[in-house]
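# Descriptive structure summary
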Amino acid sequence: MRKSGNGNDQLLKVQIRGGFADRNNVHPVNTTMQYEDLDDRSRTAIVNMINALYNATFEDLYGNEKKTIFWRTILSEVYSQQIDWSSGVSYREDKMFDIINATIYEDDYSNVLSIVEYIARQLQEVVTNQYKQFNVFRILNNVFEKEFVGYRFVDGYIVRITSEVEINQIEEAIAVRENKVNEHFEKALILLSDRESPDYENSIKESISAVEAMCNEITGKKSTLGEALKILKKGNYIHPSLEAAFEKLYGYTSDASGIRHAGQIGGQNATFEEAKYMLVACSGFVNYLVGLYSKQK
């Protein structure tokens, strides 16, 4: 047998998504959404893209200082390793990638997503500071979509959301300039995206609090969401039917600072689906309010 490109006598398996064998279901490539595991093809795609993004991020930077900072951060923050902070210390990229690649290929899916999220945030920070014209999160989202990984980056965090519309709604709401609004949405997103110990109850609370903060910004008064909605309706900011609809949704969760009762959305038995729905719904409502407010200023 001829040697393959990597010098081994092993015949490499052809895995072309959308290729002849895949289209004709002879050797189909996975099309099942992956939530609690990652297949070998997906892990390889992530490894390849992380490597490509690293090279694209640092290719125009002279010297090893920023690379050294990057690798020190990975070792200390991701792997909790003791670091030599002496000047002149550098790291061999091939050895560092051996460590990262081993994690991505062999570790549990949650740890893989954790390190991918961390590396992506570090790379995006460098990219932003260097005014490079690409977005690390969007590129990795394309990989996730292509490989049927049931997660996406939303505002720099990996979340179990795959709808582009939902992602855009949330990111647009987080970008609102009112600090209290985006602070609440950031917290809601973080609580929702925690794969080890998600807090759906408080994620819902933060989503509702974001809407309340936006309404208070518009009315100029500090009040509960229910009271603020009534003020907005009287001021013709929102249609009565829309106010009534959101008032009913708000009723399921009680006051954002109050006590929720059994059976209500947002209680101790709150689910991911409920928390995601409230985050998306509240994001959409805030975006709607921002649009109206900007027109009526």
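Residues numbered from 1 in each chain as written. Predicted model: local features only at pLDDT ≥ 70, side-chain atom pairs only at ≥ 80, totals over all residues. Heavy atoms only, no water.

What the protein contains, in helices and strands, is 12 helices and two strands. Across the 297 residues in the protein, those meeting the buried criterion constitute 42%. The contacts in the protein between residues at least 6 apart in sequence include a share of 59% that link residues at least 24 apart. Accessible surface for the protein amounts to roughly 16,900 Å². Of this, 48% is attributable to carbon and sulfur atoms. (Helix = DSSP H or I, 4+ residues; strand = E, 2+ residues; numbered from the N terminus. Buried < 20%, exposed > 50% of the residue type's maximum accessible area, 1.4 Å probe, protein only. Contact = heavy atoms within 4.5 Å. Areas by Shrake-Rupley, 256 points an atom, 1.4 Å probe, with all protein chains shown as cover.)

Before going further, it helps to examine the packing of aromatic side chains. A complete count under the given rule lists 12 aromatic pairs for this structure. Pairing Y35 with Y151 gives two aromatic rings, centres 6.2 Å apart and planes at 70°, and the pair type is edge-to-face. In this pair, Y35 is assigned in the loop between α1 (20–23) and α2 (40–58) and Y151 in the loop between α6 (136–146) and β1 (152–154), connecting sequence segments 116 residues apart. Residue classification places Y35 among the partly exposed residues on the basis of a relative accessible area of 28%. Taking the relative accessible area as the measure of exposure, Y151 reaches 6% and is therefore buried. Here a set of aromatic residues connected by ring pairs shows up, and it is made of Y54, F58, F70, W71 and F97. A cation over an aromatic ring shows up here: R160 above the ring of Y35, its NZ or CZ 4.0 Å from the ring centre. Sitting over the face of the ring of F272, R160 holds its NZ or CZ atom 5.7 Å from the ring centroid. (Phe/Tyr/Trp six-rings, centres within 6.5 Å; stacked < 30°, edge-to-face > 60°. Lys NZ or Arg CZ within 6 Å of the ring centre and 35° of its normal.)

The phi dihedral of S80 is positive, around 55°, even though this residue is not glycine. Tracing the chain through its elements places S80 in the loop between α3 (65–78) and α4 (93–106). One non-glycine residue, D155, lies in the positive phi region at around 55°. Among the secondary structure elements, D155 is positioned in the loop between β1 and β2 (157–159).

On to the packing of α4 against helix α5 (residues 109–129), then. One way to put it is that α4 packs onto α5 with a least axis distance of 8 Å and a crossing angle of 140°. Relative to α5, α4 is oriented oblique. Residues I100, T103 and I104 of α4 pack against V112, I115 and I119 of α5. For the contact of α4 with α5, a count of residues per class yields five nonpolar, one polar and no charged. (Axes fitted to C-alpha atoms, helices over the stretch in contact; angles between N-to-C directions. Parallel < 35°, antiparallel > 145°, perpendicular 65-115°, else oblique. Nonpolar A, V, L, I, M, F, W, Y, C, P; charged D, E, K, R; others polar.)

What follows deals with the environment of S193. Of note, S193 is situated in helix α8 (residues 179–193). Residue classification places S193 among the buried residues on the basis of a relative accessible area of 9%. Along the backbone, S193 and I158 are 35 residues apart, and their C-alpha atoms lie at a distance of 6.3 Å. A polar contact is formed between the side chain of S193 and the backbone oxygen of I190, at a distance of 3.2 Å. (Polar contact = N/O pair within 3.5 Å; in protein donor to acceptor, adjacent residues only side chain to side chain.)

Let's shift gears to the confidence of the model for the protein. Keep in mind that low pLDDT regions are not for reading the predicted coordinates in detail. With 89% of its residues at a pLDDT of at least 70, the protein reaches an overall mean of 86. Here residues 255–263 is modelled with pLDDT under 50, and outside its nearest four sequence neighbours on either side it reaches 17 contacts, counting other chains as well. (pLDDT = per-residue confidence, 0-100.)

The first and last C-alpha atoms of α3 sit 19 Å apart over 14 residues, in line with the 20 Å expected at 1.5 Å per residue. Residues of α3 that are buried include every one of T68, F70, W71, R72, T73, I74 and L75, and no others. Structurally, α3 contributes buried residues whose contacts are with α2, α4 and α5. Two residues or fewer after α3 comes S80, characterised by a positive phi angle close to 55°. (Expected span 1.5 Å × (residues − 1).)

Turning our eyes to something else, we now look at the side chain of S283. Structurally, S283 is set in helix α12 (residues 272–296). In this structure the side chain of S283 is engaged in a polar contact, spanning 2.6 Å, whose partner is the backbone oxygen of L279. In this structure S283 touches Q169, I170, A173 and F185, once residues within four positions along its chain are discounted.

Moving on: α4. With 14 residues, α4 extends 20 Å from end C-alpha to end C-alpha; this agrees with the ideal 20 Å at 1.5 Å per step. Looking only at α4, the buried set comprises M96, F97, I100, N101, T103 and I104. Along the axis of α4, the buried residues cluster in a sector spanning 155°; they form a single face. Where the residues of α4 are buried, they touch α2, α3 and α5. (Arc of directions from axis to C-beta.)

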